[in-house]
Amino acid sequence: MSAQLWVSVVQIGCFFGMVALGYYLVLEGADLFNFALGPFAMFSGLSASWLMAEQGWPLGLAAVLGIVIAAALAVLTEVALVRPIDARTDGGELPSLIAVVAVLFAVEQLAGTLFGRQLRPGRSWLPDTSLDLGPATVDGQTLILIGCTLVSFTGVWLWMRRSKYGRILRAVGGNREAARTLGMPVGRVRLVAFALAGLIVGLAGQLFSAKAGVSFQSGFGWALSGFLALVIGGTGSVWAPLVGGLLLALAQTLVPYYLGSASLDYAVLAIAILFFALRPNGLFVRKVRV
């Protein structure tokens, strides 16, 4: 495999890892797989692309607004949907899961109605920048994506180790009632987890769509890829979603390269089945939940 393909693996893997990090935060804080995170990332990138192309907005302002919208959608999902359903079902997981899947499709259709149903091209944040690594060249957008990925994961890792809310995040997700009995701010921590996940996937959607383009249908694929990255990496470490994202990207790059693009969907399905059957908790498993 050529060196340039390895650059593609890192680029795609970083994106998958950031979406998986959003899943990780919500799972830790609310014990829920928020499948709507993929559409939130899509909405962020698509809204910014539309604002720049149709309304003449500058890149920076459009990107910031897109990220804020993604965070707002995540918070709204928690406050207006997941939390009331949780209260009415005594914390039942299935009703909340069905609700976020409904949000997934609703956000996709809303994006298609507002911004059009065609693929919108991206706009690089550093169009005239590249790094020559001999047999491979890394363009400016990929450099930004890698940098933001490392900053995001490092920031979340430090936040979970040193901040009050970060330290109790896992306790809330692991046993909500026990955490509430101990006086922990359960509702506030859940809200922070949703908001932070929205910010991260909103940024990821901006960075990746600037390179690959985005359409209203991108959200479902991004949601599935982020989920599979988390399944592969596990939840034993903050960095596990990034490892899962890179491995998933490697598989998605190698399979078409050696077996043809027609084999890609079957290969991804096989990987998912293998991990669900043999390593349901992923590669990195937390031995003790705090």
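As annotated in an unreviewed UniProt entry, the chain is Branched-chain amino acid ABC transporter permease from Actinomadura violacea. As its UniProt record puts it under Subcellular location (unreviewed entry), the chain is described as follows: "Cell membrane". One UniProt comment on the chain, placed under Sequence similarities (unreviewed entry), says "Belongs to the binding-protein-dependent transport system permease family. LivHM subfamily."

Novice: Describe a nonpolar patch on the surface, naming the residues involved and giving the relevant values.
Specialist: Judged by side-chain polarity, Phe-105, Phe-220 and Leu-224 come together as a nonpolar surface patch covering roughly 290 Å² of accessible area. On the secondary structure map, Phe-105 appears in helix α4 (residues 93–115).

Novice: A description of the nonpolar core should follow, citing residues and the corresponding values.
Specialist: Among the nonpolar cores identified, the biggest contains 70 residues, and Tyr-23 and Phe-40 are the most heavily contacted of them. The greatest single-element share of this core, amounting to 14 residues, is contributed by helix α1 (residues 3–30). Counting residues in hydrophobic clusters, the runner-up holds five residues, among them Ala-48, Leu-51, Met-52 and Leu-59.

Novice: Give a detailed account of the packing of aromatic side chains, specifying residues and quantitative values.
Specialist: This structure, assessed with the given rule, holds 13 aromatic pairs. Ring geometry for Phe-33 and Phe-35: centres 6.2 Å apart, planes at 35°, overall tilted. Look at Phe-33 and you get partly exposed, because its relative accessible area is 29%. Connected via pairs of aromatic rings, a cluster forms that spans Phe-15, Phe-16, Phe-208 and Trp-222.

Rules behind the numbers
- Residues numbered from 1 in each chain as written.
- Predicted model: local features only at pLDDT ≥ 70, side-chain atom pairs only at ≥ 80, totals over all residues.
- Heavy atoms only, no water.
- UniProt positions renumbered as here; feature names shortened; annotations may be inferred.
- Patch = residues over 30% accessible without salt bridge, like charges linked within 9 Å, V, L, I, M, F, W, Y side chains within 5 Å.
- Areas by Shrake-Rupley, 256 points an atom, 1.4 Å probe, with all protein chains shown as cover.
- Salt bridge = Lys/Arg side-chain N within 4 Å of Asp/Glu carboxyl O.
- Helix = DSSP H or I, 4+ residues; strand = E, 2+ residues; numbered from the N terminus.
- Core = buried A, V, L, I, M, F, W, Y, C linked by side-chain atoms within 4.5 Å.
- Buried < 20%, exposed > 50% of the residue type's maximum accessible area, 1.4 Å probe, protein only.
- Phe/Tyr/Trp six-rings, centres within 6.5 Å; stacked < 30°, edge-to-face > 60°.

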